[in-house]
Amino acid sequence: MRSNGKVYLDWAATAPLCPEAREAMDPFLTPGLSNMDFGANANSLHSSGRRAFSALEEARLMISRSLGASRPDEIIFTSGATEADNAAILGIVSALRKRATLQGKRDFIPHVITTSIEHDAVLAPMRYLAAQGCELSYLEPNSQGFIDPDSFGSALRENTVFASVQMANNEVGSIQSIRQLAALAHARGVVFHTDAVQALGRTPVILKELGVDAASFSAHKIGGPKGQGALYLKNGTPFDPFIIGGGQESGKRSGTQNVCGAVGFAAACETAITLQEQESRRLGVMRDALYEATAELKRVHASVDVEAGSLDFLPNIVNLYVDGMESETLILRLDMQGFEVSGGSACSSHSLEPSHVLKALGLSSDRALGSLRISMGRYTDQEDIDRFLLALGQSIGQEEE
Ligand code: PLP
């Protein structure tokens, strides 16, 4: 619970800044000239610039180690996961297209694969590729939000060059078999990207073991600053830079780096991974309790069937829908009682469209419009959940008065 009595249950939208990130960033936020001990341009040659450069490279090293990358230069700093997803999808496919042209395949039409339950940061660039003449296939999940590796294997064609499948879903929390999917892709010479934003800090993310070619991460989902992310690009992966200019980030992402953001991200990343096992266990108990208790509430249904103790779903996300009620109404009623939750994903919460994820799982538009995503994090405790359950019961009760 917060000091103002509010309970924040929207951690999948964003997490509060963690103390470790704040402490790491503090020296970079001093105003005035004394800030130059930390806040110089990391590309300047003078000693302050070199100090900023070392801080940036130290952050890159920390992140690459925490994520189990092979080399620090496989981590490219970006403005967030939206940029990392866009860069991976557009940058890799552009390079693969060029390669095909160089090989004399002039009329080559690349085929790319994604799923219908990706975040818009993946779906929009995929649609852009389709508008640019690529063939695009969407894999459909089962009713629980899982992509069948066999259907992925069958979708691979002679001209498939690239696939992007999220590691964990941001609305229902289903975790995909990324290692298996990446291996299937590689067996056919297909480059594989995963959006690992929601997985980080909630389930193990060890890049070397996953075997992916590219992965996207966002600092603000794990207690780092907003507007900071990273693209993991395995050494040797074909890539055309998406943002061009001064050639920073080894020419892969131009623009003066946000050293303060990178340092905060590194501290948050290291902390989230250190705490992951114990936090996932603790959050998983509350997730199970929430699903169990809400099953007793009239008109409330779980959007997916999450077995107690399941490791196939993220431990911090609960997705429900309420028969005959729109999530907007429920969110505002809960808000008035001091509980902050989302309907669908935060990105689509300003739209009245039903969630594309829930619809892909087979929920009707009416049910999808009544969905509620409760997401927890480091400072959520059982008392918050108990109080939330009372408030939810009351909010639904109001409808019947
Ligand atoms: N991918 C997923 C799965 C997300 O949940 C989000 C955030 O909502 C993003 C990408 C976009 O991340 P960012 O806010 O860093 O651009």
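For the structure itself, look to the data block above.
What you are looking at is a predicted structure, and each value in this text was computed from that prediction instead of being measured.

Reading the values: the criteria
- Residues numbered from 1 in each chain as written.
- Predicted model: local features only at pLDDT ≥ 70, side-chain atom pairs only at ≥ 80, totals over all residues.
- Heavy atoms only, no water.
- Pairing = 2+ DSSP bridges.
- Helix = DSSP H or I, 4+ residues; strand = E, 2+ residues; numbered from the N terminus.
- Axes fitted to C-alpha atoms, helices over the stretch in contact; angles between N-to-C directions.
- Contact = heavy atoms within 4.5 Å.
- Near = heavy atom within 4 Å.
- Polar contact = N/O pair within 3.5 Å; in protein donor to acceptor, adjacent residues only side chain to side chain.
- Nonpolar A, V, L, I, M, F, W, Y, C, P; charged D, E, K, R; others polar.

**Things to note about the sheet that holds strand 2 (residues 75-78)**
What the seven strands build is an open sheet, ordered 2-8-7-6-5-3-4; its pairing is mixed. With partners counted over all chains shown, the strands left at the sheet margins are strand 2 and strand 4 (135-139), one partner each. Geometrically, the sheet is characterised by an average inter-axis angle of 20° between neighbouring strands, direction not taken into account. Pairing of strand 3 (residues 111-115) with strand 4 involves five bridges; the strand directions are parallel. Each residue of the ladder has a partner; that of V112, found in strand 4, is L136. Packing of helix 2 (residues 47-67) onto the sheet brings it into contact with strand 2 and strand 7 (214-218), and relative to strand 2 it is tilted by some 115°.

**Some details on the site of the ligand**
Of all residues adjacent to the ligand, which total 13 residues, the nearest are T82, D195, Q198, S218 and K221. The contact in question runs from an oxygen atom of the ligand to an N or O atom on the side chain of H119, over 3.1 Å. A distance of 2.8 Å is found between an oxygen atom of the ligand and a side-chain nitrogen or oxygen belonging to H220. For the shell around the ligand, the element with the most residues is helix 3 (residues 81-102), which contributes three residues. Its residues assigned to classes, the shell around the ligand shows three nonpolar, seven polar and three charged.

**Here we look at unusual backbone geometry**
Even without glycine at this site, E249 takes up a positive phi of about 55°. Mapped onto the elements, E249 comes out in the loop between strand 8 (229-233) and helix 8 (259-294). Residue S250 is not a glycine yet carries a positive backbone phi of 50°. Within the element layout of this structure, S250 appears in the loop between strand 8 and helix 8.

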